[in-house]
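# Commentary on secondary and tertiary structure
What follows is each chain in one-letter form.
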Amino acid sequence: MKKLARHRLFWPIVALLTLIVVNTIVRPSFISITVKDGQLYGVLIDILRTSAPLMLVALGMTIVIATRGIDLSVGAIMAVSGAVALTIIDASGDPESIATVFVAVIAALCVSLVLGAWNGFLVSVVGIQPIIATLVLMLAGRGVALLITDGFITTVNSAPYSFIATGYLLFLPVAFLIWVAATAVVSLIERRTALGVLTEAVGINPEASRLAGVRARGIIFGAYVTSGLLAGIAGVLYSSNIRAADANASGQFIELYAILAVVLGGTSLMGGKFTIAGTVVGVLIIQTLDKTILFLGVPPAQSPVFFAIVVIVVVIMQSPRLHRWIRGAASSRSRRDSDTTITKEVASR
Amino acid sequence: MEPAARPLLELTGATVRFGSENAIDDVDFRLFPGEVHSLMGENGAGKSTLIKAITGALPLATGVLRLDGEQMRFSSPHDAQRAGISTVYQEIDLLPNVSVAENILLGQEPRRGGAIDWRRMRARAREVLAELGLQIDPASLLGTHSLAVQQLVAIARAISTDVRVLVLDEPTSSLDLDEVAELFRVVRELKLQGVAILFVSHFLDQVYELCDRVTVLRDGRFVGEYLTKELLRIDLVQAMLGRSATALTAPTKATDAVEKGTPYLTARGVTAGSGIADADVDLFESDVLGVAGLLGSGRSELARAISGIDRRDSGVIRIAGRDGTPHSPRSAMSLGVVYSSENRRTEGIISHLSVLDNITLALQADRGAFRRIPAARRRELAASWVDALDIRPPDLDRPAGTLSGGNQQKVLLARLLALSPRVLLLDEPTRGIDVGAKVEIQNLVGEMAANGLSVVFISAELEEVLRVATRVAVLREGRVVSILSSDDLTVDSLMALVAQPDELDEPDVPDE
Amino acid sequence: MTSLQTPVRETGTLGARYGTFMNRRASLMPTFAAIAILIILLIGAQLRFGNFLTPGNLSALLLDNAYLIVLAVGMTFVILTGGIDLSVGSVMAFTGILGASLLSQGIPVYIAIPAMLLGGALIGLLIGVLVQYFNVQPFIASLAGLFLARGLAFVVSLASIKVEDPAVLWLQRTRISFGGWYITPTVIIALVTVAVAVFVLHWTRFGRTVYAIGGGEQSAHLMGLNVARTKVAVYVISGVCGGLAGLLLTAYSGAGYPRNGIGTELDAIAAVVIGGTLLTGGTGYVLGSLVGVLVYGTIKKIISFMGAEQSWTQIIIGILLLLFIVVQRVIVARSIRRRT
């Protein structure tokens, strides 16, 4: 039992289960699932479905963070991706045809791949700090998305396209299946190949990895490309849901929630070892918390306050100062290079 | 100037602990005013620990520090500064983005009506600089000046606060001859003013030129305090390197005589920065080349330049007869040349990854990210190395950071050997390792050479070098001075070679 | 003496003057670049449109961007220490709606305005404490601030609130004109903020400590400067500036609106970087940030003159920002190579 408790995922899962239990006690209908026309409905199903965009973005963010980086541009890439897809469908002669939708989606994904590659290039080749490199796209990307849709909200009617976000397959929401598939693919690639270990090595100790012959540049580049692609899929999903590409509202704050999900799941912001399962749990916690806040009658616009508090609590708990307080003065002396009063360097990213 | 009767700073019985180890143990040290005192010892001898204890950056576990007879206890560098002890570090601890005047006076700026009085600040800065005979524009940004000048500004800052003890930590490492002369002039100026100066440097010539007194540390212990004018160079080096009393098994060497076949790797004219210049080295298969020299002689720089870790300024390397100059660790490995860093923790072991992952890391990196070594094979491979090198505990899934130093070194060796290299450069592989593990690794080196590898073995311990190597390269001040067969050397003669200054030619005549 | 000393050349010559100037003011170069860009933009716009450089237009430039000037001032303090503050747009919105709400409830102006500033200061304090005492990275700490402020803005009110208080409106409506030029109290407030910031940064120990932290936190600490208090203080300053900007924006638009300022922090950061402040900290000038805001405002005006979409503003600013960052990186890389 103790070994179970020490497992990395223990506390995140406990937190998630606690949330679900508390919600069920207050509102027993929380966990009820009904079947209608071969489709499952219910609050839990809803959570699984609506968590898709955040899940995809958080997946990419996990890999980027593992390389000691960060990707602030994911919201902007989402907006651009959605805008591209919708514009193509809107401009085509036949918005209802599957071929059009297919082309639109592929185009959107290609564009997001390019944007991810751009980020990767700035970080791994030019050597710009990840915060700053991705900040540029964060700034410009929304402008680009607005441009593409000519500044007004494009309302698009396309059944195949909205199927992506709202449709069902085998009882389950398509959106849910998409993120499960993406998670499975990313996990397989990271853990079945050596990519995961090499990424962790680069994040834990870039210099030692270099001496061991690890090609850090390619790994870091790939991380941003992955993040971009996943953000692109998220953008397609998101825009398919509301059928409009409101460039400013799409993916607002999503990068922040993604970072929060990664941290909640147990991956350290300092890079190195990462856990995809942890991120999944982290996203589910956030979505459940979101739903809880909604049901408490809090207007959605006010929910950021709660999340701010969660972020603050989590980072304080992870803070070394707190650990020092807990463990007492003895531990801080045993560290080799301790200079008694100097605090950590600012913004290593 | 006659030595003062009483030391200005006196440390008795000082011990500093890191966890369960003593970084310095029962060390005595004293500084006299108006004297330049040098602290000497090889890497790991405890020099920087002692300095940190004096300047308040580390606490004393035992021992007493007296300043001008008064017992002091520093709990932070600020305490020491306030007591009059200032330090100028190798990495200049000043602010390159503000003016020279600010760097000297920030913290005690002249004010007028609540605001900083820039004119008076610049004037005062000019005064302080003039005290040292310097003419530097106080309004200029510090970062626009060379490192040498920045160092002098750091010293100016120190004296602007009524310094009594000035610690100079490796101040000349990046200076050219003119700049060193200027620094020495300033130091002598401070001597006349009665400041006690602690000069830490590994350049023997400079120590003899500038310092009045020398204290030698070895393995965290106090070896002795000497007056430089009474100390022979050879005695100084002997005190620093010493003879350790380790239980020895019969030395294992791969071959007794050097088989002069064609060298597997030839390096000609290797130059890298100021660390190594114009070095020529030949490496043969089934051979162990020991590299001996003092700190700063270029041992690591040479190995790193050859194995593509650091950039070379010039030099040609031929491997197996073909031009194959490695320009990165990656390319070196593909040529069969691997390097094991002396900084095991920062450049070697990836501490949070398991032993298994650490051992297979280089091999995996070689195959690329997408051709994973099958899980079973990885385990088998790692297990076989754990067995062969006797890595303890033999738990493949333990984080490598939890292993002892000796076992970490073995994990590193396993990682490199798993690549089936032809040339293996080991930089201080036995530093900080217990005796048993030391001998194990030395024997391993012999075995590897017996299996055909070409090994370069760098170590500060001369007996170890002689025990392991068939040939020894002696390095001094960035140059390869000679390469001799180890049969022709004894520890004493090797020590003399390593210590000897440039001027003399006969290796056995002691310096005066 | 030796070659180390500052060479004693004939002081009168142009070459010597230039050399001394460069040694003293090298960090002004990026700001000069910004001024050059501004001048080029203004002249170019004038050539293109013919009626761009009118007193009316230029006065409007300051008026329309007064809030951003104040935000950029606060942001400059933070970035000089090597940090970043992503919360300022949300703080501006929060304090704006807070002030509007208080005023609409009849609370007098001399309480409402300090309340706005206090609100901003408190959020800044929270961020500063997280950064300094809990070792949280500035961008995460300020993201938490962003979340908090944005949520609180909607807690105050879900919809916009009109402001009818005469004192606040006076700030915006009064025009002091001379010739074709005019200036409003809001602009005066913004410019006074800049002036105060210039004084603090260049004539007080606190200001020099800000620069010192950017130059090297460890070194600054070893020099005895109060690093901890200063680091927290810069975030408080940024928060207060957010509050002040909230006041200016509320006066400008006549209402508090919780959706204000989304993305404005990025505009502020862009203005500061374009104005010559290095994101790595230690180098930069508040006057440069003022120039940066003017560049931003000019681009926006040019785009509206061209009749193009406003979204182009963001894209161009993004490109400019990228250019500046890459150039900064190249300069930094070169100076590191020279150092070793």
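What you see as residue numbers is a count from 1 along each chain, following the sequence as written. Chain letters and ligand numbers both follow the written order, the letters beginning at A and the numbers at 1. For this predicted model, a pLDDT threshold of at least 70 governs which residues receive local features, and a threshold of 80 or more governs which side-chain atom pairs are given and counted, while totals over whole chains, interfaces and linings are taken from all residues.

This paragraph deals with the overall build of chain B. Within chain B, the regular secondary structure consists of 17 helices and 22 strands. C-alpha atoms define the radius of gyration in this analysis, and the globule rule sets the expected value at 2.2 Å times the number of residues to the power 0.38. For chain B, the C-alpha radius of gyration of 25 Å lies close to 24 Å, the compact-globule estimate for 512 residues. Over its C-alpha atoms, taken along the principal directions, chain B stretches across nearly 75 × 55 × 45 Å. Residues are defined as contacting one another if the C-beta atoms placed from their backbone atoms lie within 7 Å. Within chain B, counting contacts between residues at least 6 apart in sequence, those at least 24 apart form 69% of the total. Elements are defined by DSSP. Helices are runs of H or I of four residues or more, strands are runs of E of two residues or more, and each kind is numbered from the N terminus.

Here we take up the domain arrangement of chain B. Frequently, the measure chosen for interface size is the accessible area removed from exposure when the parts meet. Looking at chain B, the domain boundaries give domain 1 (9-241) and domain 2 (265-499). Boundaries between domains were set according to an automatic or database domain assignment. Relative placement of domain 1 of chain B and domain 2 of chain B: their C-alpha centres are 35 Å apart.

So, on to the pairing of strand 12 (residues 221-227) of chain B. Inspection of the sheet shows strand 11 (residues 213-218) of chain B paired to strand 12 of chain B by six bridges, in the antiparallel sense. Looking at the pairing, Thr215 of chain B lines up with Glu225 of chain B of strand 12 of chain B. In this description, strands pair whenever DSSP reports at least two bridges between them.

Each nonpolar core consists of buried Ala, Val, Leu, Ile, Met, Phe, Trp, Tyr and Cys residues. Their C-beta atoms, within 7 Å, join them into a set. Put plainly, a residue is buried at 20 or more neighbouring C-beta atoms within 10 Å of its own, exposed at 12 or fewer, and partly exposed in between, counting only other residues' C-beta atoms, which are placed from the backbone. Counting 389 residues, the largest nonpolar core has Val57 and Ala258 of chain A, Phe457 of chain B together with Val70, Leu71, Leu248 and Leu321 of chain C as the members making the most contacts within it. Here this core gets 15 residues from one element, more than from any other, and that element is helix 12 (residues 227-253) of chain C.

Our focus in this paragraph is the interface of chain A and chain C. Facing the 40 residues of chain A at the interface are 44 residues of chain C. Counting residues per element, the ones that place at least two in the side of chain A that touches chain C are helix 7 (130-148), helix 15 (304-318) and helix 16 (320-327) of chain A. Looking at the side of chain A that touches chain C element by element, the count peaks at eleven residues for helix 7 of chain A.

Turning our eyes to something else, we now look at the sheet that holds strand 17 (residues 322-323) of chain B. Residue and element names in this part refer to chain B. Spatial strand order, 14-13-16-17: four strands in an open sheet with antiparallel pairing. Looking along the sheet, the strands with just one partner apiece sit at the ends: strand 14 (276-283) and strand 17. Against the sheet, helix 9 (residues 299-306) touches strand 13 (265-272), strand 14 and strand 16 (314-319), its axis set at about 120° to strand 13. Here an axis means a line fitted to C-alpha atoms, over the contact stretch when the element is a helix, while the angle between two N-to-C directions is reported on a 0 to 180 degree scale.

Opposite the 27 residues of chain A that make contact, chain B presents 28 residues. Elements that contribute at least two residues to the side of chain A that touches chain B include exactly helix 10 (195-204) and helix 11 (206-211) of chain A. It is helix 10 of chain A that provides the largest number of residues to the side of chain A that touches chain B, a total of six residues.

A separate point is the sheet that holds strand 21 (residues 471-476) of chain B. Sheet strands pair via backbone hydrogen bonds, and the direction of the pair is either parallel or antiparallel. Residues and elements named next belong to chain B. Taken in spatial order, the six strands of this open sheet run 18-19-20-15-21-22, and their pairing is mixed. The sheet is open, and its two edges are formed by strand 18 (337-340) and strand 22 (479-485), each paired on a single side. Each neighbouring strand pair of the sheet contributes to a mean axis angle of 20°, computed without reference to strand direction. Summarising the sheet, strand 19 (residues 423-427) and strand 20 (residues 454-458) pair through five bridges and their orientation is parallel. The partner of Val423 across the bridge, within strand 20, is Ser454. Across the sheet, helix 15 (residues 435-450) is in contact with strand 15 (287-293), strand 19 and strand 20; its angle to strand 20 comes to roughly 155°.

For the rest of this paragraph, the subject is unusual backbone geometry. All names here are of chain B. Cis peptide bonds are those with omega within 30 degrees of zero, and the linkage from Arg392 to Pro393 qualifies with -10°. Relative to the elements of secondary structure, Pro393 occurs in the loop between helix 13 (375-389) and helix 14 (405-417). Residues other than glycine seldom take positive phi values, yet Glu170 does so here, at roughly 50°. Following the sequence through the fold, Glu170 ends up in the loop between strand 9 (165-169) and helix 6 (177-192). One non-glycine residue, Asp219, lies in the positive phi region at around 50°. Among the structural elements, Asp219 can be located in the loop between strand 11 and strand 12.

Moving on to the environment of Pro59 of chain B. Tracing the backbone shows Pro59 of chain B in the loop between helix 1 (47-54) and strand 4 (62-67). Linking Pro59 of chain B and Asp488 of chain B, residues 429 residues apart in sequence, is a C-alpha distance of 47 Å.

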